[in-house]
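Examining the three-dimensional arrangement
For reference, the chains in residue letters:
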Amino acid sequence: MTRLTLHSLTEAHLGPILALDHLCFGQLWTEEGYRRELNSPNSILLGIEDCEQPESLLALGCLWAIVDEAHLTIVAVHPEQRRRGLGQLILSGLLRAACDRQLARATLEVNAENRAARSLYAQFGFQEAGRRRRYYANGDDALILWLSGLQNGNFLQKLEEWDRQIQQRIEAWGGKILRRC
Ligand SMILES: CC(C)(COP(=O)(O)OP(=O)(O)OC[C@H]1O[C@@H](n2cnc3c(N)ncnc32)[C@H](O)[C@@H]1OP(=O)(O)O)[C@@H](O)C(=O)NCCC(=O)NCCS
């Protein structure tokens, strides 16, 4: 059985954060950038760890709380751990953290060609609200997605249901989500 934890990250996790960032994005943010996020009262950084391998991270998520909005800046899963529900687990963790912080809606930007991420966000109800044409250096468009109603009772119910489904999916391949190692 693979025991997993979903938890807030601290400076102690900087090494694994940078390693995963490098693997998934080729360095989206620098060490200094992550240090700033980890120390900012307006940022939430979550990670998924295998209890047997605390020196590496399986997934990483980050949001900025801006007024009553959650701006999701990072959702990333280790390339060898994809299609096992960890993207859903980290996204659900970020949305729960946004709810706990009384944020009303969530937004993010995604490359229009990133089918995996678009499909993940659609599962959680994110909707397209705009497109920035040729936004990325390679000429791809960016889509702006929004999810509203985070404080509605039925959203919290949906989140509970998603969490049950994610847990079942992870248990089906032999994983178990623990609160802490
Ligand atoms: C996008 C990403 C986070 C998905 O992580 P993951 O752990 O593979 O996702 P999950 O296993 O939880 O899958 C959730 C859903 O995402 C979608 N999805 C994930 N990978 C997919 C793929 N290769 N093709 C199509 N859909 C995919 C599916 O809808 C999937 O649900 P399903 O398995 O029931 O069909 C991961 O591919 C990743 O880290 N990509 C690189 C970083 C990135 O692009 N982040 C998003 C930036 S906006």
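Below is a summary of the structure that appears in this document. None of the values given here were measured: they were computed from a predicted structure. (Residues numbered from 1 in each chain as written. Predicted model: local features only at pLDDT ≥ 70, side-chain atom pairs only at ≥ 80, totals over all residues.)

1. What to know about the overall build of the protein chain
We count it as follows: Helix numbering and strand numbering both begin at the N terminus, where a helix is a DSSP run of H or I of at least 4 residues and a strand a DSSP run of E of at least 2. Exposure criterion: with C-beta atoms placed from backbone coordinates, a residue whose C-beta has 20 or more other C-beta atoms within 10 Å is buried, one with 12 or fewer is exposed, and one in between is partly exposed. This entry defines residue contacts through backbone-placed C-beta atoms, with two residues in contact when those atoms are within 7 Å.
Within the protein chain, the regular secondary structure consists of five helices and eight strands. Counting from the amino terminus, the protein chain carries its helices and strands in the arrangement β-α-α-β-β-β-α-β-α-β-β-α-β. Dimensions of the protein chain, computed from the C-alpha atoms along their principal axes, are close to 45 × 40 × 30 Å. Of all 181 residues assigned to the protein chain, the portion counted as buried reaches 30%. Considering only intrachain contacts with a sequence separation of at least 6, the fraction spanning at least 24 residues in the protein chain is 63%.

2. Re helix H5 (residues 153–172)
This is how it is decided: Here, expected helix span is obtained from the residue count minus one, scaled by 1.5 Å.
Between its terminal C-alpha atoms H5 stretches 29 Å, which fits the 28 Å expected from 20 residues at 1.5 Å a residue. Directly beyond the C-terminal end of H5, a positive phi value near 95° is found at Gly174.

3. Notes on the packing of helix H3 (residues 86–100) against H5
Put simply, the test is: Fitting a line to C-alpha atoms yields each axis, with helices limited to the stretch in contact; the angle taken between N-to-C directions then spans 0 to 180 degrees. Reported orientations rely on four angle classes, namely roughly parallel under 35 degrees, roughly antiparallel over 145, roughly perpendicular from 65 to 115, and oblique for the rest. Note on convention: near helix rotated counterclockwise from far helix by under a right angle means a left-handed crossing. Clockwise means right-handed. We call Asp, Glu, Lys and Arg charged. Ala, Val, Leu, Ile, Met, Phe, Trp, Tyr, Cys and Pro are nonpolar, and the rest, Gly among them, are polar.
Packing of H3 against H5 leaves a shortest axis separation of 10 Å and a crossing angle of 155°. Comparing their axes, H5 and H3 come out roughly antiparallel. Handedness of the crossing formed by H3 with H5: left-handed. Residues Gln88, Leu89, Ser92, Leu95, Arg96 and Cys99 of H3 pack against Leu156, Leu159, Trp162, Asp163, Ile166 and Ile170 of H5. Among the residues forming the contact of H3 with H5, the class breakdown is eight nonpolar, two polar and two charged.

4. Comments concerning the packing of helix H1 (residues 14–25) against helix H2 (residues 31–39)
The N-to-C vectors of H1 and H2 enclose an angle of 125°; their axes lie 10 Å apart at closest approach. Here H2 runs oblique to H1, going by the angle between their axes. Relative to H2, H1 is oriented so that their crossing is right-handed. Contact residues: Leu14, Ile17 and Leu18 in H1; Glu31, Tyr34 and Arg35 in H2.

5. What about the site of the ligand?
So the rule is basically this: Residues are classed as near a molecule or strand if the C-beta position derived from their backbone is within 6 Å of it.
Near the ligand you find 19 residues, and of these Arg82, Gly87, Ala116, Ser119 and Leu120 are the closest. When contributions to the shell around the ligand are tallied by element, the ones reaching two or more residues are strand E4 (69–77), H3 and helix H4 (115–123). Of all the elements, H4 adds the most residues to the shell around the ligand, at six residues. A breakdown of the residues in the shell around the ligand according to their chemical character gives nine nonpolar, six polar and four charged.

6. Re the sheet that holds strand E8 (residues 175–178)
To be explicit about the condition: For two strands to be treated as a pair, DSSP must find at least two bridges joining them.
Pairing is mixed in the open sheet, where eight strands are placed in the order E6-E7-E5-E4-E3-E2-E1-E8. Edge positions in the sheet fall to strand E6 (127–132) and E8, since each has one partner strand and no second. Adjacent strand axes in the sheet meet at a mean angle of 25°, parallel and antiparallel pairs treated alike. Of the strands in this sheet, strand E1 (2–8), strand E2 (43–50), strand E3 (57–66), E4 and strand E5 (105–111) are in contact with H3, which crosses E3 at around 25°.

7. Considering the pairing of E5
Side chains on a regular strand alternate between the two faces of the sheet. Quick note on the threshold: For a crossover, the right-handed case is the one in which the path from the first strand over the helix to the second runs clockwise, viewed with the strands pointing away from the viewer.
Only one face of E5 is covered, namely the one carrying Ala106, Leu108 and Val110; the face carrying Arg105, Thr107, Glu109 and Asn111 has none of its residues buried. Two strands pair when backbone bridges link them, and E4 and E5 are joined in this way by three bridges, in the parallel orientation. Looking at E5, one finds that Ala70 is bridged to Ala106. Handedness of the E4-H3-E5 crossover: right-handed. The pairing of E5 with strand E7 (residues 142–147) spans six bridges and is classified as antiparallel.

8. Quick word on the nonpolar core
As a reminder of what qualifies: In plain words, the nonpolar core is the set of buried Ala, Val, Leu, Ile, Met, Phe, Trp, Tyr and Cys residues that C-beta atoms within 7 Å link up.
Counting residues in hydrophobic clusters, the biggest one holds 41 residues, and the most contacted among them are Ile48, Ala59, Leu60, Ile90, Leu94 and Ala98. Per-element accounting of this core gives the leading share, seven residues, to H3. With residues up to four places along the chain from it excluded, the contact list for Leu94 reads Leu46, Gly61, Leu63 and Leu72.

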